[in-house]
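Fold and geometry: a report
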Amino acid sequence: MSTSDLYGELRPRAFAIAYQMLGSVGEAEDVVQEAFLRMHQTLRRDEPIASPRAYIATLVTRLAIDQLRSARVRRERYVGEWLPEPLVTEPTPAEHAEMADSLSLAFLVLLESLSPQQRAAFLLREVFEYPYTEVAEIIGTDVDTTRHLVARARSHVRERRPRYHASRRQRQELAQRFFAAAGQGDLRALEALLAQDAALHADGGGKVPGALARPVNGRRHVARTFSAGMSALARRGIRVHVTEVNGQPGAVATDAQDRLVLVAALSITDGQIQMIHSIANPDKLRHVDRFDDLGALLAD
């Protein structure tokens, strides 16, 4: 099989591992490109690769662990709250509901609390379902240590992971109602859709005037803050379109030229919105087809 054929076959899994490790589309793409470059160089030297699938998974994971370690230093200096880069897709029938849940922004934020090695072991075992022996080989440790890493990560994640009890259709309908109420400034309707301990997280990266510097907590505060934000967007002719963000209900906001300026994702638990993640940092929207700088718009 040619290198190009291998790339087409192996790239989707490689990108999925890298993105869920790093929470960054750009950094994940760089890791995947580097991994395939190294495999290509190995093949050109006529060195045998017993399993290209395992080889690429190993390279991507180890490169991502190294990248995550250096990225954490940068994120400590980040202005405001750091959130992962979103993946925006049109709603389609969910083929793998569990995978969609593991892509959610809430889940990726939760993974930030794990060490890089814990995160790798947990994702490879619990999300991508590699056997413990393969996980150990990929991250360069023994099976007992791998089991311990996965167990500690699993315990941590289970305590905090969002619970998606509602059906996908119910979540989409709730999202439609939520963004409609926000657009109409209906605070009573918004509060009814929010959990009592709801939280609003926003990432402007220090580039969006008025962006939240820290999370907003509590149903009433979240409703008022989010409604005010949606009103500010509407006054500037920015439209909101409900869609899917990282496999969960969300919305994108676009300006008069149909350029993306904001992405919001909802985490829904027991029929109520538990968390809202809003991303307006233009650097984190560059991988989407079209985007604009919300900071420049709000500064007008």
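First, a word on scope: everything that follows refers to the structure included in this document. These figures come from a predicted structure and were not determined experimentally. Within each chain, residues carry numbers counting from 1 in the order of the written sequence. Owing to the predicted nature of the model, reporting of local features is limited to residues with pLDDT of at least 70; listing and counting of side-chain atom pairs is limited to 80 or more, with chain, interface and lining totals taken over all residues. To obtain the side-chain values, all non-hydrogen atoms of the structure were included, while hydrogens and water were left out.

Regarding the overall build of the chain
A run of DSSP states H or I qualifies as a helix once it reaches four residues; a run of E qualifies as a strand once it reaches two. Both are numbered from the N-terminal end. A tally of helices and strands in the chain yields 12 helices and seven strands. Accessibility here uses a 1.4 Å probe with only protein chains present; expressed as a share of the type maximum, an area under 20% marks a residue as buried, one over 50% as exposed, and anything in between as partly exposed. Expressed as a percentage of the 300 residues in the chain, the buried residues total 49%. Whether two residues are in contact is decided by their heavy atoms, any of which lying within 4.5 Å being enough. Sequence separation of at least 24 residues holds for 65% of the intrachain contacts in the chain that already meet a minimum separation of 6. Only the protein chains shown count as cover for residues, with accessible areas throughout obtained via the Shrake-Rupley method and a probe of 1.4 Å. Surface accessibility of the chain: about 14500 Å² in total, with carbon and sulfur atoms responsible for 49%.

Some details on the packing of aromatic side chains
In this scheme Phe, Tyr and Trp rings, the latter by its six-membered ring, pair at centre separations within 6.5 Å, and the angle between planes marks the pair as stacked below 30 degrees, edge-to-face above 60, and tilted otherwise. Per the stated rule, a full pass over the model turns up six aromatic pairs. Taking the centre distance of 5.4 Å and the plane angle of 80° together, the rings of Phe-178 and Phe-179 count as edge-to-face. On the accessibility criterion, Phe-179 (8% relative accessible area) is buried. An aromatic cluster is present here, built from Phe-178, Phe-179 and Phe-226 joined pairwise through their rings. Sitting above the plane of the Trp-82 ring, Arg-75 keeps its charged end 3.8 Å from the centroid. Placement of a charge over a ring requires the Lys NZ or Arg CZ to be within 6 Å of the ring centre, with the centre-to-atom vector within 35 degrees of the ring normal. Just above the ring of Tyr-132 sits the side chain of Arg-147; from NZ or CZ to the centre is 4.2 Å.

Looking at the layout of surface pockets
Cavities and pockets were defined on a 1 Å grid built over protein atoms only: a cavity is a set of grid points that admits a 1.4 Å probe from which the probe cannot escape, a pocket is an open set flanked by protein on both sides within 12 Å along at least five of seven lines, and lining residues are those with an atom within 4 Å of any such point. Grid points are joined across faces, edges and corners, and a volume is the space filled by probe spheres set on the points. Each pocket or cavity is described by its volume, and for the second largest pocket that value is around 390 Å³. In this structure, the second largest pocket is lined by 22 residues; those nearest its centre are Gly-210, Ala-211, Gly-229, Leu-262 and Ser-278. Looking at the lining of the second largest pocket, the elements with two or more residues in it are strand 2 (194-203), helix 11 (219-235), strand 7 (272-279) and helix 12 (294-298). Counting residues per element, the lining of the second largest pocket draws most heavily on helix 11, at seven residues. Under the scheme applied here, ten amino acids are nonpolar (Ala, Val, Leu, Ile, Met, Phe, Trp, Tyr, Cys and Pro), four are charged (Asp, Glu, Lys and Arg), and all others, including Gly, are polar. Residues that form the lining of the second largest pocket fall into these classes: 16 nonpolar, five polar and one charged.

Some thoughts on the nonpolar core
What we call a nonpolar core is a set of buried Ala, Val, Leu, Ile, Met, Phe, Trp, Tyr and Cys residues that are connected through their side-chain atoms within 4.5 Å. The biggest cluster of nonpolar side chains holds 57 residues, and the ones touching the most others in it are Ile-17, Met-21, Ile-56, Val-60, Leu-111, Tyr-130 and Ile-139. Of all the secondary-structure elements, those providing two or more residues to this core are helix 1 (3-22), helix 2 (25-44), helix 3 (52-76), helix 5 (105-111), helix 6 (116-127), helix 7 (132-139), helix 8 (143-160) and strand 6 (260-269). Counting residues per element, this core draws most heavily on helix 1, at 10 residues. With 30 residues, the next largest nonpolar core counts Phe-178, Ala-223, Ile-238 and Leu-262 among its residues.

Here we look at helix 9 (residues 168-184)
Expected span, for any helix, means 1.5 Å times one less than how many residues it has. Taking 1.5 Å of rise per residue, 17 residues should cover 24 Å, and helix 9 covers 25 Å from first to last C-alpha, within 8% of that figure. Those residues of helix 9 not exposed but buried are Arg-171, Leu-174, Ala-175, Phe-178, Phe-179, Ala-181 and Ala-182. Down the axis of helix 9, the sector holding all buried residues measures 155°, keeping them to one side. Turned more than 90 degrees off the buried face of helix 9, the exposed positions are Arg-169, Arg-177, Gly-183 and Gln-184. Just beyond helix 9, the residue with positive phi is Gly-185, at close to 70°. The arc refers to the directions leading from the helix axis to the C-beta atoms.

Thoughts on the pairing of strand 4 (residues 239-245)
One requirement defines pairing of two strands: DSSP has to find at least two bridges between them. Inspection of the sheet shows strand 4 paired to strand 5 (residues 248-254) by seven bridges, in the antiparallel sense. Within the sheet, the bridge partner assigned to His-241 lies in strand 5 and is Val-252. Hairpin connection of strand 4 to strand 5: two residues between the antiparallel strands, including Asn-246 at a positive phi of 50°.

Here we look at the environment of Arg-219
Of note, Arg-219 is situated in helix 11. A sequence separation of 21 residues divides Arg-219 from Ala-198, and the C-alpha atoms of the two residues are 5.3 Å apart. Aside from chain neighbours lying at most four places away, what touches Arg-219 is Glu-191, Leu-194, Ala-195, Gln-196, Ala-198 and Gln-272. In this structure the side chain of Arg-219 is engaged in a polar contact, spanning 3.1 Å, whose partner is the backbone oxygen of Glu-191. The term polar contact refers here to a pair of N or O atoms within 3.5 Å; inside protein, the definition further demands a hydrogen-donor-capable atom paired with an acceptor-capable atom, and it admits residues adjacent in sequence only when both atoms are side-chain atoms.

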